[in-house]
Amino acid sequence: MDGIEIDVGAEAGELVREAVRKRIRAHVDAAVERAFQSEITKNIQDQITTLADDLVIEQLALTVAAPEQDQQAPANVAPAHSAPPQLVFESLSEFVSDKLAPTYRREVTEGMSRRWCPEWWRHAEANSRLESLWRAWEHLRLNPSTGMSVWWRDHADHHMDKLFDPDGPFKACSVRDGHKRPGQPGHIEPLPVTAEPAGMFVALPQTVGVG
């Protein structure tokens, strides 16, 4: 063309340089993308590893604690090392005066159908039976369902009937006349006992096992 000069060599060189730049840019972009993806993947792997470690540690802690929990006593059973429950009544006398006498009321002043000694503590049998009632009451009161029913049926009624019996340990005593002392008419003497032949009974060990 007239008046137009074209430097073919320069144009060709520029085209080549642009193609090279695009090629290099493509490689660079690919490299950057790979590096970025690799970093993301590494971060995710690190997070997964940390989470897995936490789960393993938690599971190990539960596994170690499980045997200890299995050995624990049920909720309704007191541990063996726990202190025994405190007594409501501090003595047999307090139990009889404050609990039994006001609760187990019977007519013992008039008539002969029941006998009672105001000085009940002078009778060995009465002491033993009444202490049995006290100990049973202290134990069974801890059972909130049938404890008291069992105490009345199996303990209170049984022992009190024996004590009230006109032919029982209070036979010679009365509320009106009081306790019959040894030597007084009607006093009940201990059962007669004759000593056994020597060597008939073998002495038992002094230590008694707790069952």
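The structure displayed is predicted, hence computed values, not measured ones. (Residues numbered from 1 in each chain as written. Predicted model: local features only at pLDDT ≥ 70, side-chain atom pairs only at ≥ 80, totals over all residues. Heavy atoms only, no water.)

### A few points about the overall build of the protein
- A count of helices and strands for the protein gives four helices and zero strands.
- Counting only residues that meet the buried cut, the protein has 18% of its 211 residues in that class.
- Carbon and sulfur atoms make up 58% of the accessible area of the protein, which amounts to about 16800 Å² in all. (Helix = DSSP H or I, 4+ residues; strand = E, 2+ residues; numbered from the N terminus. Buried < 20%, exposed > 50% of the residue type's maximum accessible area, 1.4 Å probe, protein only. Areas by Shrake-Rupley, 256 points an atom, 1.4 Å probe, with all protein chains shown as cover.)

### Quick look at the nonpolar core
- The biggest cluster of nonpolar side chains holds 24 residues, and the ones touching the most others in it are Phe95, Leu100, Trp116, Leu130, Leu133, Trp151 and Met160.
- Among the secondary structure elements, those contributing two or more residues to this core are helix H2 (92–103), helix H3 (124–140) and helix H4 (147–164).
- With seven residues, the top contributor of residues to this core is H3.
- Discounting chain neighbours no more than four positions away, the residues touching Met160 are Leu100, Tyr104, Trp116, Leu130 and Leu133. (Core = buried A, V, L, I, M, F, W, Y, C linked by side-chain atoms within 4.5 Å. Contact = heavy atoms within 4.5 Å.)

### Some thoughts on the packing of H2 against H3
- Two elements in contact, H2 and H3, have axes whose closest approach is 10 Å; the angle formed by their N-to-C orientations is 75 degrees. What the angle tells us is that H2 and H3 run roughly perpendicular. Residues Leu92, Phe95, Val96, Lys99 and Leu100 of H2 pack against Asn127, Leu130, Glu131, Leu133, Trp134 and Trp137 of H3.
- Here the residues of the contact of H2 with H3 are counted per class, giving eight nonpolar, one polar and two charged. (Axes fitted to C-alpha atoms, helices over the stretch in contact; angles between N-to-C directions. Parallel < 35°, antiparallel > 145°, perpendicular 65-115°, else oblique. Nonpolar A, V, L, I, M, F, W, Y, C, P; charged D, E, K, R; others polar.)

### Describing H3
- Under the 1.5 Å per step criterion, the end-to-end length of H3 is 24 Å for 17 residues, consistent within 8% with the ideal 24 Å.
- Three or more residues of H3 are buried, namely Ala126, Arg129, Leu130, Leu133, Trp134, Ala136, Trp137, Glu138 and Leu140.
- Among the structural elements, H2 and H4 are those in contact with the buried residues of H3. (Expected span 1.5 Å × (residues − 1).)

### Overview of the side chain of Arg129
- With respect to the helices and strands, the residue Arg129 is situated in helix H3.
- The exposure class assigned to Arg129 is buried, which follows from its relative accessible area of 19%.
- In contact with Arg129, not counting residues within four places along its chain, are His158, His159, Lys162 and Leu163.

### What to know about the environment of Leu92
- Topologically, Leu92 is positioned in helix H2.
- A residue is classified by how much of its surface remains accessible, and Leu92, at 12% relative accessible area, is buried.
- Note: C-alpha distance between Leu92 and Arg135 (43 residues apart in sequence) is 9.0 Å.
- With near-sequence residues (within four places) excluded, Leu92 lies in contact with Trp120, Asn127, Leu130, Glu131 and Trp134.

### What to know about H4
- With 18 residues, H4 ought to run about 26 Å at 1.5 Å a step, and its terminal C-alpha atoms sit 24 Å apart, in line with that.
- The largest bend along H4 reaches roughly 35 degrees and is located at Ala156.
- Those residues of H4 lying buried are Gly147, Trp151, Ala156, His159, Met160, Leu163 and Phe164.
- Looking at the packing, one finds that the buried side of H4 touches H2 and H3. (Bend = angle between axes of the 7 residues up to and from the residue.)

### Concerning the packing of H3 against H4
- At a minimum axis separation of 10 Å, H3 and H4 run at an interaxial angle of 175 degrees. Comparing the axis directions of H3 and H4 gives the class roughly antiparallel. Contact with H3, carried on its side by Ala126, Arg129, Leu130, Ser132, Leu133, Ala136, Trp137 and Leu140, involves Gly147, Met148, Val150, Trp151, His155, Ala156, His158, His159, Met160, Lys162 and Leu163 of H4 and no other residues of that element.

### A few points about the packing of aromatic side chains
- All chains considered together, the criterion is met by eight aromatic pairs.
- Judged by centre distance (5.3 Å) and plane angle (55 degrees), the rings of Phe89 and Trp137 are tilted. In this pair, Phe89 sits in the loop between helix H1 (8–70) and H2 while Trp137 sits in helix H3, placing the two residues 48 residues apart along the sequence. Each member of the pair, Phe89 as well as Trp137, is classed as buried.
- Measuring from ring centre to ring centre gives 6.1 Å for Tyr104 and Phe164, while their planes differ by 50 degrees; the resulting arrangement is tilted. (Phe/Tyr/Trp six-rings, centres within 6.5 Å; stacked < 30°, edge-to-face > 60°.)

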